[in-house]
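Chain by chain, the residues run as shown.
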Amino acid sequence: MADRATADLLARMTLAQKVGQMAQLAIPGDELPDETLDAIRAGRVGSFLNTRSLEQRNRLQRIAVEESPLGIPLIFGRDVIHGFKTIFPIPLAQAATFHPQLVEEAAATAAREAREAGVDWAFAPMVDIARDPRWGRIAEGFGEDPRLAGEMGAAVVRGFQGDGDVLGPGRVAACAKHFAGYGAVEAGREYNTTWIPEQLLREIHLVPFKACVDAGVFTVMSAFSDLNGVPATGNERLLRGILKAEWGFSGFVVSDWAAVTELVQHGLAGDEARAAVQAVRAGLDMEMASRAFADHLERLVEDGIVPLGVVDGAVWRILTIKRRVGLFERPYVEPPPSRCASAAGYGELTLARQLARESVVLLKNDDRVLPVRPDVRSIAVVGPLADDAREQLGCWAYDGDAGASVTALSALRERCGSGIALHHEKGLADCRSDDRHGFDAAVAAALRSDLVLAFVGEGGNLTGEARSRAFLDLPGAQNELLSCLAQTGRPLVTVFMAGRPLIVGRACELSRAAVYAWHGGTMAGPAIADVLFGDLSPCGKLPVSFPRTVGQVPIYYSGKNTGRPARGGARGIPPGTPLDPVGFESTYLDVDVTPEYPFGFGLSYTEFQYGDLRVTPARARDGEPVRAAFRVTNVGDVSGVEVAQLYVRDRVASVTRPLRELKRFARVALEAKASAVVEFTLAPADIAFVGNDMRATIEPGVFDVFVGGDSRATLAAVFELSQA
Ligand code: GLC
């Protein structure tokens, strides 16, 4: 029925109206110019992004539905990246939970809040694989690993869209972005060129997008970036070839902001008309914010330069998604119930707190200084990020209600009450300040306290789009502040709040304990307090490798052996040491080759041990599943959740393979002294790789299986895959 209705509608549309559906306009403010309203009336606008209010949204929709010739409803898009009113932890932090089900719940909450506000379409999940923390948008994605990013991206798609072909109430269309390879911008410099060999593109960068397409994502957004000489937005091999033909993607592709006209700046098109030709032929269906389609596509079709069928194909996809969003049946959004639209409800805040709790990664905990001991009677709360309601929300939180944020200081005050004295001093005006005048007061507060909690890192405004940084150190004088605090001799616990891996080696050396709390969103404060006081054992695991220095970047766990592997990696060569001990191996003269903290790493207040790994069959025929079973035991005195991880290595193949690749993970909750057997089944697709013919390839040979609590897992077993 839907297709018949779409076909009938398409047949009645003029070329101008078809081109109109392919235009998404940005809302300039509360009022729109008459020419825009006239364009809606003429059926020459398909979508808006960033409407200012539900009232404005319904007002524009009423013009489209009741005053235009065919009454085709508009679709309204918005960046709902990690929450709408309720701001959840940034996606990189959500990835650290390794908890797709909870991420899905958060996305469903965001969808409900957004739809109530008149948003039909969220420009998320962002599933760009990033291995370069200099790139500010690493905060928006799910880290360095394609499997983890794919599971998280698919969870967001399910949370946004629900299941089934047509959106139910409180759901929004999702948008997998930025297709593709944007996370590989050279030197981590925003909007820079990407050179990605097709095997790497397919084996790493495309994997999470395919997971989103397999999860039924309604839309995909093309990237700004130049991919191997052809910018993604004009890249036919990518859009029509891989996304639509090879994967069978049936939704529509929207460009990123003005990415069509930017094809001129790229040098792919001589003018905007040719940019329109390049993009629409490549398979782009809707143009965001710029007007190359609106200004030129009609004439290009009339002149026979762009086949009408290409336009019809794009409009068919757009109309189909509008129908699946339910816009033809329910074009208007009723105002939400009387609940205050400015803040989240209790349920959402509880979920936000739980997701933030599970995202916290414990990096070190010398002498079990955490959880805070019962005999602690006074705490110094220091640092520029202890009480910043806006910065803790992170990037892409424009609809967030900073007034609803609960900061760490507020949460600590509530928790400590009159029982524990709190002495709060910022020490620095903000995280980028070099002004040390506040240090004395901070040191004095530390000297009056049994414990020092320092909240440092980077503000949300230093992360996200157009926020590349060439240095990854703690900005400003934060390391110096930590040094002064450490010199007081009081136990120093450092809480990092950031949107990317920072260089934390020095700060961790100064600290007895350290946790990475990312930008935890509305409920960051209570979540951090919950972990610091032991309401739960920290269970977060790093979704991205932490470099010792920016000179190691790009750095990631799934590297290859090379022909001269570093033997454990010399931790630098002390000054004056004769150089001849340095072997001819893949290492550096001045820093260890290993990361400061590896992918998958995270400590707990308890300890987990792995044992009894059995992989069967030891000799598998091609196509036969392989089972791995192992025991995880909580050998400590408190309960905890362990993210058990399974990695595989294909020792010899026609394309060199990574030393490890994450293939499975599972969260295992264990009471003290309890244990559980974890079983994973590896399907043939799990050991396939992209061969030199660009096809999924499985070759016989010997495979290592590693299981453990991070990517350095040492418990290993071997299985052999024999020729069928
Ligand atoms: C931005 C971002 C993209 C976002 C879009 C609309 O430039 O690149 O992720 O969805 O424009 O705001």
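Quick note: structure is the one above.
Report on the accompanying structure.

Calculation rules
- Residues numbered from 1 in each chain as written.
- Predicted model: local features only at pLDDT ≥ 70, side-chain atom pairs only at ≥ 80, totals over all residues.
- Heavy atoms only, no water.
- Helix = DSSP H or I, 4+ residues; strand = E, 2+ residues; numbered from the N terminus.
- Rg over C-alpha atoms; globule rule 2.2 N^0.38 Å.
- Buried < 20%, exposed > 50% of the residue type's maximum accessible area, 1.4 Å probe, protein only.
- Contact = heavy atoms within 4.5 Å.
- Areas by Shrake-Rupley, 256 points an atom, 1.4 Å probe, with all protein chains shown as cover.
- Salt bridge = Lys/Arg side-chain N within 4 Å of Asp/Glu carboxyl O.
- Pairing = 2+ DSSP bridges.
- Arc of directions from axis to C-beta.
- Near = heavy atom within 4 Å.
- Polar contact = N/O pair within 3.5 Å; in protein donor to acceptor, adjacent residues only side chain to side chain.
- Nonpolar A, V, L, I, M, F, W, Y, C, P; charged D, E, K, R; others polar.
- 1 Å grid on protein atoms, 1.4 Å probe; cavity = no way out; pocket = protein on both sides within 12 Å on 5 of 7 lines; lining within 4 Å.
- Points joined across faces, edges and corners; volume = space filled by probe spheres on them.
- Domains from an automatic or database assignment.
- Axes fitted to C-alpha atoms, helices over the stretch in contact; angles between N-to-C directions.
- Parallel < 35°, antiparallel > 145°, perpendicular 65-115°, else oblique.
- Left-handed = near helix turned anticlockwise from the far one by under 90°.

1. A word on the overall build of the protein chain
Next up, step 1: Helix and strand content of the protein chain: 20 helices and 26 strands.
Next up, step 2: Its C-alpha atoms give the protein chain a radius of gyration of 26 Å, near enough to 27 Å, the size a compact globule of 724 residues would have.
Next up, step 3: On the principal axes, the C-alpha backbone points of the protein chain span a range of 75 × 65 × 50 Å.
Next up, step 4: In the protein chain, buried positions account for 61% of the 724 residues.
Next up, step 5: Contacts in the protein chain between residues far apart in sequence, at least 24 positions, make up 76% of those at least 6 positions apart.
Next up, step 6: When the accessible surface of the protein chain is summed, it comes to about 26800 Å², and 50% of that surface belongs to carbon and sulfur atoms.

2. Thoughts on the pattern of salt bridges
Next up, step 1: One pass over the structure, following the stated rule, counts 49 salt bridges.
Next up, step 2: Among the salt bridges present, the one from Glu465 reaches Arg137, with a minimum N-O distance of 3.6 Å. In this pair, Glu465 is assigned in the loop between β14 (451-457) and α18 (478-486) and Arg137 in the loop between β4 (121-122) and α7 (146-161), connecting sequence segments 328 residues apart.
Next up, step 3: Taking the relative accessible area as the measure of exposure, Glu465 reaches 24% and is therefore partly exposed.
Next up, step 4: The partner of Arg664 in a salt bridge is Asp686, and the shortest N-O contact between them spans 2.7 Å. With a gap of 22 residues between them, Arg664 in strand β21 (residues 661-670) and Asp686 in the loop between β22 (675-682) and β23 (689-690) connect regions that are remote in the sequence.

3. Focus: the pairing of strand β25 (residues 701-708)
Next up, step 1: Within β25, 7 of the 8 residues are buried, which leaves it mostly tucked inside the rest of the structure.
Next up, step 2: Pairing of strand β20 (residues 640-650) with β25 involves 6 bridges; the strand directions are antiparallel. Following the sheet pairing, Gln645 is matched in β25 by Gly708.
Next up, step 3: Bridge count for β25 against strand β26 (residues 715-722) is 7 bridges, and the pairing is antiparallel. Bridge assignment links Val705 to a residue of β26, and that residue is Ala717.

4. Quick look at helix α1 (residues 2-12)
Next up, step 1: All of the buried residues along α1 are Thr6, Leu9 and Leu10. Seen end-on, α1 carries its buried residues on one side only, within an arc spanning 100 degrees. Exposed side of α1, more than 90 degrees from the buried face: Arg4, Ala11 and Arg12 are the residues found there.
Next up, step 2: Each element contacted by the buried residues of α1 is listed here: α2 (15-21) and α14 (308-325).

5. Details of the site of the ligand
Next up, step 1: Around the ligand, the surrounding shell holds 13 residues, and the nearest of these are Asp79, Arg137, Lys177, His178 and Asp256.
Next up, step 2: Between Asp79 and the ligand, the recorded distance is 2.5 Å, taken from a side-chain N or O atom to an oxygen atom.
Next up, step 3: Taking Arg137, its side chain carries an N or O atom lying 2.8 Å from an oxygen atom of the ligand.
Next up, step 4: Relative to its unbound accessible area of 310 Å², the ligand is 93% covered by the protein chains.
Next up, step 5: Tallied by class, the residues present in the shell around the ligand amount to 7 nonpolar, 1 polar and 5 charged.

6. Thoughts on the layout of surface pockets
Next up, step 1: The calculated volume of the largest pocket comes to roughly 1300 Å³.
Next up, step 2: Around the largest pocket sit 42 residues that line it, and Tyr556, Tyr557, Gly559, Lys560 and Leu659 are the ones nearest its centre.
Next up, step 3: Looking at the lining of the largest pocket element by element, the count peaks at 4 residues for helix α8 (residues 198-205).
Next up, step 4: Broken down by class, the residue content of the lining of the largest pocket amounts to 19 nonpolar, 13 polar and 10 charged.
Next up, step 5: Forming the boundary of the second largest pocket are 30 residues, of which Arg202, Glu203, Val207, Ala685 and Ala688 lie nearest the centre.
Next up, step 6: Going through the elements one at a time, α7, α8, α9 (207-214), β21 and β23 are the ones with two or more residues in the lining of the second largest pocket.
Next up, step 7: For the lining of the second largest pocket, the per-class residue count stands at 14 nonpolar, 2 polar and 14 charged.
Next up, step 8: Of the domains in this structure, domain 1 (76-307) and domain 4 (608-722) are the two that each give at least three residues to the lining of the second largest pocket.

7. Points about the sheet that holds strand β17 (residues 608-616)
The strands that make up a sheet are held in pairs by hydrogen bonds between backbone atoms, and each pair lies either parallel or antiparallel.
Next up, step 1: Within the open sheet, the 3 strands sit side by side as β17-β19-β22. Their pairing is antiparallel. With partners counted over all chains shown, the strands left at the sheet margins are β17 and β22, one partner each. Strand-to-strand twist in this sheet, taken as the mean axis angle between neighbours without regard to direction, amounts to 20 degrees.
Next up, step 2: As paired elements, strand β19 (residues 626-634) and β22 share 8 bridges and run antiparallel to each other. Bridging across to β22, Arg627 finds its partner in Thr681.

8. Points about empty space enclosed by the protein
Next up, step 1: A full pass over the atoms with the stated rule returns 5 cavities of 30 Å³ or more.
Next up, step 2: By volume, the largest cavity is sized at about 110 Å³.
Next up, step 3: Counting residues per element, the ones that place at least two in the lining of the largest cavity are α5 (91-96), α6 (100-116) and α7.
Next up, step 4: Counting residues per element, the lining of the largest cavity draws most heavily on α6, at 4 residues.
Next up, step 5: Here the lining of the largest cavity is built from residues that sort into 14 nonpolar, 3 polar and 1 charged.

9. Points about the packing of helix α16 (residues 408-416) against helix α20 (residues 524-532)
Next up, step 1: Packing of α16 against α20 brings their axes to within 7 Å, and their N-to-C directions diverge by 55 degrees. When the axis of α16 is compared with that of α20, the two are oblique. With respect to the hand of their crossing, α16 and α20 are arranged in right-handed fashion. Two secondary-structure elements touch here, α16 through Ala408, Ala411, Leu412 and Arg415 and α20 through Gly525, Pro526, Ala529 and Asp530.
Next up, step 2: Partitioning the contact of α16 with α20 into residue classes produces 5 nonpolar, 1 polar and 2 charged.

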